Each structure stands twice: as C-alpha cells, then as structure tokens.
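Next come the chains, spelled out residue by residue.
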Amino acid sequence: MEGVGFVVGGVNRLARRGDRGVLRCSRGHEVGSRRRVVVADAEAGAAQVKTEKDVVVNGLPADAAQDVVLTDGPKLLARPEPVAQARSEVVHVAGDSDPSLMDSMHKRLDAMKKQPVSIIVVGASGDLAKKKTFPAIFSLFYHDLLPEDFVVYGYARSKMSQEEFRELIMSTLTCRVIDGRKCSEKMDEFLPRCHYVSGKYDVSSDFSALSKELAMFESSNEVSNRLFYLAVPPSVFQKAASNINLAGRSPKGYTRVVVEKPFGKDSESYRELRAGLSSILSEEETYRIDHYLGKELVQNLMSLRFANSIFEPIWNRNYIQSVQLVFKENFGVEGRAGYFDGVGIIRDIMQNHLLQVLALVAMEPPVSLHAEDIRNEKVKLLRSMEKLSKDSFVIGQYEGKGEGQPGYRADEGVAPRSKTPTFAACVLNIRNQRWEGVPFMMKAGKALDERKAEIRIVFKPAAGSIFSVPNTIKNNELVIKIQPDESIYMRIANKVPGLTSRMEEGRLNMFYREAWEESKDIPDAYERLILDVLNGEKSLFIRDDELEVAWDIFSDAIHELEEDPNVEPESYKYGTRGPVGADHLAARHGSRWSEL
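Remember, predicted model here, so these are calculated numbers, not experimental data. (Residues numbered from 1 in each chain as written. Predicted model: local features only at pLDDT ≥ 70, side-chain atom pairs only at ≥ 80, totals over all residues. Heavy atoms only, no water.)

> Before we go on, may I ask you to explain empty space enclosed by the protein in this structure?
Which parts of space are left empty comes out when a probe the size of a water molecule is rolled across the atoms. Summed over all chains, the structure comprises four cavities of 30 Å³ or more. In this model, the largest cavity occupies a volume close to 100 Å³. For the largest cavity, the lining is made up of 13 residues, of which R274, L277, S278, T286 and R288 are closest to its centre. Contributing elements (two or more residues each) for the lining of the largest cavity: α7 (267–278) and β13 (286–289). In terms of residue count, the dominant contributor to the lining of the largest cavity is α7 (five residues). Looking at side-chain class alone, the lining of the largest cavity contains five nonpolar, four polar and four charged residues. (1 Å grid on protein atoms, 1.4 Å probe; cavity = no way out; pocket = protein on both sides within 12 Å on 5 of 7 lines; lining within 4 Å. Points joined across faces, edges and corners; volume = space filled by probe spheres on them. Helix = DSSP H or I, 4+ residues; strand = E, 2+ residues; numbered from the N terminus. Nonpolar A, V, L, I, M, F, W, Y, C, P; charged D, E, K, R; others polar.)

> In this structure, what is going on with the environment of A156? I would like to understand it.
With respect to the helices and strands, A156 occurs in strand β9 (residues 150–156). When the C-alpha atoms of A156 and G126 are compared, they prove to be 8.5 Å apart, with 30 residues separating the residues in sequence. Apart from residues no more than four positions distant in its own chain, A156 is found in contact with G123, A124, S125, Y196, V197, S198, G199 and Y201. (Contact = heavy atoms within 4.5 Å.)

> When you look at the packing of helix α2 (residues 127–142) against helix α14 (residues 525–535) in this model, what are you seeing that I'm missing?
Between α2 and α14, the shortest axis-to-axis distance is 9 Å and the interhelical angle comes to 65°. In terms of orientation, α2 lies roughly perpendicular with respect to α14. Here the hand of the crossing between α2 and α14 comes out right-handed. Note on element contacts: α14 touches α2 through Y526, E527, I530 and L531, opposite L128, K132, T133, A136, I137, S139 and L140. Tallied by class, the residues present in the contact of α2 with α14 amount to seven nonpolar, two polar and two charged. (Axes fitted to C-alpha atoms, helices over the stretch in contact; angles between N-to-C directions. Parallel < 35°, antiparallel > 145°, perpendicular 65-115°, else oblique. Left-handed = near helix turned anticlockwise from the far one by under 90°.)

> When you look at the packing of aromatic side chains in this model, what are you seeing that I'm missing?
How two aromatic rings sit relative to each other is set out by the distance from centre to centre and by the angle between their planes. All told, the structure shown has 19 aromatic pairs when counted by the stated rule. With 6.2 Å between their ring centres and 50° between their planes, Y155 and Y201 make a pair best called tilted. Highlighted residues: Y155 in strand β9 and Y201 in the loop between β10 (194–198) and α5 (204–218), separated in sequence by 46 residues. With a relative accessible area of 0%, Y155 lands in the buried category. On the accessibility criterion, Y201 (7% relative accessible area) is buried. With a centroid separation of 5.9 Å and 65° between ring planes, the pair formed by F423 and Y572 is classed as edge-to-face. (Phe/Tyr/Trp six-rings, centres within 6.5 Å; stacked < 30°, edge-to-face > 60°. Buried < 20%, exposed > 50% of the residue type's maximum accessible area, 1.4 Å probe, protein only.)

> Which parts of the structure should I look at to understand the pattern of salt bridges?
Once their charged atoms are close, side chains differing in charge can pair, the charge on each being opposite to the other. Tallied over the full model, the rule gives 31 salt bridges. Between E548 and R271 there is a salt bridge, with the nearest N and O atoms lying 2.8 Å from each other. Remark: R271 occurs in helix α7 and E548 occurs in helix α15 (residues 544–563); sequence separation between them is 277 residues. Residue E548 is classed as buried on the basis of its relative accessible area, which comes to 12%. Residue R288 is joined to E283 by a salt bridge in which the shortest nitrogen-to-oxygen separation is 2.9 Å. By sharing partners, the salt bridges in this structure join K328, D449, E450, K452, E454, R456, E477 and R491 into a single network. (Salt bridge = Lys/Arg side-chain N within 4 Å of Asp/Glu carboxyl O.)

> So what exactly am I meant to see when it comes to unusual backbone geometry here?
Negative phi is the rule for most residues except glycine; trans is the rule for most peptide bonds. Residue P262 is bonded to the preceding K261 through a cis peptide linkage, with omega at 10°. Assignment of secondary structure puts P262 in the loop between β12 (255–260) and α7. Geometrically, the link from Q483 to P484 is a cis peptide bond, its omega value of -15° lying close to zero. With respect to the secondary-structure elements, P484 resides in the loop between β19 (477–483) and β20 (487–495). One non-glycine residue, D144, lies in positive phi territory at about 60°. Turning to its location among the elements, D144 is positioned in the loop between α2 and β9. Its identity is not glycine, yet D485 carries a phi of approximately 50°, on the positive side. Here D485 is to be found in the loop between β19 and β20.

> Would you explain the packing of helix α11 (residues 344–362) against α15 in this entry?
How two helices sit against one another is set out by the angle between their axes and by the gap between those axes. Contact geometry of α11 with α15 gives a least axis separation of 11 Å together with a crossing angle of 145°. Considering only the axes of α11 and α15, their crossing is right-handed. Residue-level contacts link I346, R347, M350, Q351, L355 and Q356 of α11 to E546, L547, A550, W551, I553, F554, I558, L561 and E562 of α15. For the contact of α11 with α15, the residue count by class is ten nonpolar, two polar and three charged.

> Which parts of the structure should I look at to understand the pairing of strand β18 (residues 452–459)?
Note on strand geometry: in a regular strand, side chains alternate between the two faces of the sheet. The element β18 is largely enclosed, with a buried count of eight among its eight residues. Both faces of β18 are covered, namely the face carrying K452, E454, R456 and V458 and the face carrying A453, I455, I457 and F459. Across eight bridges, the pairing between strand β14 (residues 320–328) and β18 is antiparallel. Residue V326 lies in a different strand from β18, and its bridge partner there is E454. Two elements, β18 and β19, share six bridges in a ladder whose sense is antiparallel. Opposite I455, over in β19, you have I480 as the bridge partner. (Pairing = 2+ DSSP bridges.)

> Which parts of the structure should I look at to understand helix α16 (residues 581–588)?
G581, A582, L585 and A586 are the residues of α16 that are buried. The arc that holds the buried residues of α16, viewed along the axis, is 145°, so those residues lie on one side. Where the residues of α16 are buried, they touch β15 (393–399), β16 (423–428), β17 (440–445) and β23 (570–573). Downstream of α16 by a residue or two, G590 has a phi angle that is positive, lying close to 70°. (Arc of directions from axis to C-beta.)

Given below as structure tokens:
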C-alpha cells in the first residue's frame, strides 16, 4: 500500500498494520516516513523532524497509531489516509484479527470488559436517546455486558442539572428481564455513573469542556476509549462530528462514532454527507446504525441459509417463485408528522430497513463471518439490482376512519395537499445467475390492519402433482416473522388426519419463545448494536459504499414520484390492507401477496 499517509484531521484508514506511511500536518507538509514517526515541534499546523527517540506513538508503528504524542508542544492528532485513487481500486479486506459476527460472547467480553470506556450520548435530551439509547445502555449494564470501568455522559443544548438529567434517565429505564427483582438495585448503581454537560453542537469550546470532564474520569486509566452516539438530526451530524474530531477525541484509546439514519434523502445528498463526514472521521471509526439489522430474526438469516444444508441447494430461481418482504404498522404517524411528511415511507422504511433485509436474504455466501467479507457480499448483491422507476411502485396515503383514526392530512404538521406516501409497494429485480427472473416484492405501510414485519420465500408448485391441492396451498412457503412474536415456519400441503383424503395447509412451526428459554428475554436491537460497537464488530453496520449503492437503486424513482404532477397516492382507509393497486402490481409480475 504505497503512498498511504497520515493526515492531521484526515480521513479513511485503508492501511494495514506494518505498512509504511508518512505523516503530514494539516498544511500537507511531510514530516516523517519511517516506521516510527518522528515529530518534535508543531506550530501553526507545521511539524519538524528530529530523532526517533523524541517521540512515542502509542507504542505502535506509525501506520497503526491514531495519536502522535509530541515531546514538546501540543498533541497532534493524526489518522491514515490513502493517496487519491479511483473508487474501483478501494478493496475492503477483513483482517485476521478483526472480530467475527459469530465469535463467542465470552471471547468478546473478555477483550472488552478490561477496556475503560466513556459513552457520550450527543442529543441526550431527545426522544431517540430517551426511548432507545439510554434504556439499551442500562440493559447492557444490568446484564453485566459493559466494561468494568465505564461512564455515561449526556450532551445536549438543554440546560439541566446533574439531578435533573438523572431523573430524566430514570424515567426512561425499564428492566426487560423476566425476573426484575434486582432492577431497582441496578438502577441505583447505574445512575451515579451518568453525568451531563450542556453545550452547542457547533461550538468546539463546548466540546473541549466536555473533554475536560471526561479526562477526570480517564485520568487514572492507561487506556480509555470514547464512544460517541449521535442521537441528533442529520442537519447537525457534520457539525457535531467536526467538533468531536477537533476537541473530543480520546487521547489514549479509540474514538468511535455511531450515526443514526436518515443518511441523506437521495444519492446526491448522501454523497454530500459522506464527503463531509469522511473528511472528519475514518470509515473505521464510523458506525452507521440500522436497528433492523440488530433484530434477532434478521441476525439469524445467515445462520438459517448457510448453516443448514437443506436450504442452499433450493435457494435460487429454479425453486423460488418470489420473495416477499412486508412491513405493516397498525397506527399512523402520530407524533412524527413533522418529520415524516418530508421523508415518506419509501425513505423511512424501504430504502434502508427492508433493503438491508433483502440483501441478507439474497446475497452469496461470504468468505468468512468477518464484517468486511459479509458487507462485500451485500454490496455485490445491491450492485446487481436494477434501478427502480416510478412505474416500479404503487403508493398510497391513508384516510380517516372514525374517531381516533384520523387521516394523514389531518395530522398536525402535514401539509393540506401533501402527496407524501404512507404506503408503498414495489418489485425489485436482481440480474445475476441465482435470482434472474425472481420478483422481490416489497411492501410497507402505516395505519394498516395489523402490525408485523416478515419475509416470505414462496416456492414454485410441485411439478406434475398427483394430488388435488387447493390453489391457496400449491406453493410451499418459508416464513420468517421478524416481529412481533418472532418465529420461523414452513407452509406445506398436508393430508387431513382421519378417514379423508382432503388436503389442507399444515405448518412446521418454530416459535422462538417456545423453542428456547433464552427467547423469553430477547434483547432489544439497540442493545445488540451498542454492544457490537464496544466490541468493534461492524457486521451489522452499513458501510459507506453499501449505502451509496442503496440510494442509487431508489433515488430516481423517489424523484419521479415527487416531481410528476400526475402521480397521486392512492387513498386507503385507516385500518385496512392498503391500496388495491398493490395487488395489481403483484399480478403484473405473475404473483400475489401470499399473506392474503
């Protein structure tokens, strides 16, 4: 990897340990090219070379270090950056030392428990932090899954005392465990570790004040890491990340930053966001979270496919008629209308959650269970998908249906003539040897007749069948129910017991809560994902190029639907199945929604 450099405040790390590198200051002047970086004085962004004995780089070769410690003068933060190269030349390779998706929990914990960490929730007063982030951190603490030495800091613009902050956290905490007798005791242990600092997201001196607070906790530790969770709107992602880079980095450990969706609103806005963040944070430091990837049944997809010999031989166009991904909510946008009206169901659910699930269902077997190998296969699959157009979609918007079920446009924050879809269905095509000709049908909506998320693998009918099988059960189906009531079941045709030859549907069921004792205490998706960040395990997080390809699939269609004056969402009543146009869309592709 010739030409790999270290840049003050730089970007992507592609260097491997042991590669030669050069150190550059913020003005781009070369200051060293040896295996151990040599730096003495740094003034106004310039640095001069002295001798190797003058500096220690965290005990590591220069190309593996994150901080360069100066003997005389300020600390110079440096991270590796590749020399400019064509995008196609960037190759992501899993290292032998990288964590693996299926490493034992004991192996992960042994390594992580001894590493002190500061967890900083940026946007600590917001709904996401209160409803998801703090409860997940507490649950990890309850189950003894955090490092032995940790502290939690909230950071937000709101003025709050330490007592008020702890009361805010206390009001959000619950114990998901069945036996919660120790819950109150654990809360009493957890809350003294929680602290609050008020500051603005675009003021570096406020982050410096936060860093000083963290330094007091970290002063007694030889190594101390920092995990920043950005529970803030995308409009302040870059400002917050920039100030983390300038004033919030750990001086003696890793710095990891969790970023929540939305990651832009189309291909162009994502590329702008990506360019801004990548000039501040390396890809290695960035954890783009999609909580659907942390759900138990989604995590199980690769195990189901690749650890069971029965499925892989039939997991292709020769045996599968269609693949259906369904997301349904039985409530509207109550409380989220201001956000949702500028986003819509396609951006909110389909382009991220459902597309990520589709990639795991359809991708080729990875070389290993290391993060980069898994994500390489997902990117390959997404690149083989056709871009969508407006003709690929049916969109809808719900109308009111009596008291307590208002129409979408009646919600506060929604424009009176809004065309934002609250329902969408589409068909995606994958152009590769495994899936050519198999429609991947995707449907998502709000204010429908039930709440569920599931995957249906619909198999082709048995050829030359000698049985009189009703049309409704001619196709075997493998159904993976993500929520609620996690389960996997197989729909088959079966003879009714007794003195009859009648055929009816039978089900081979595996209900998680009955199959495993542990399933009575399934962790929330955020618990799993935050734990993975602490472990440095990125299999369940989205890579930059993966997200770019995902936006490319949907962006043209989104713009066509929004900009064409002749496109109007089809109305459907609150609490119904959704627009009938979705059924016509499936029929055009020789299929039907099998949930009917």
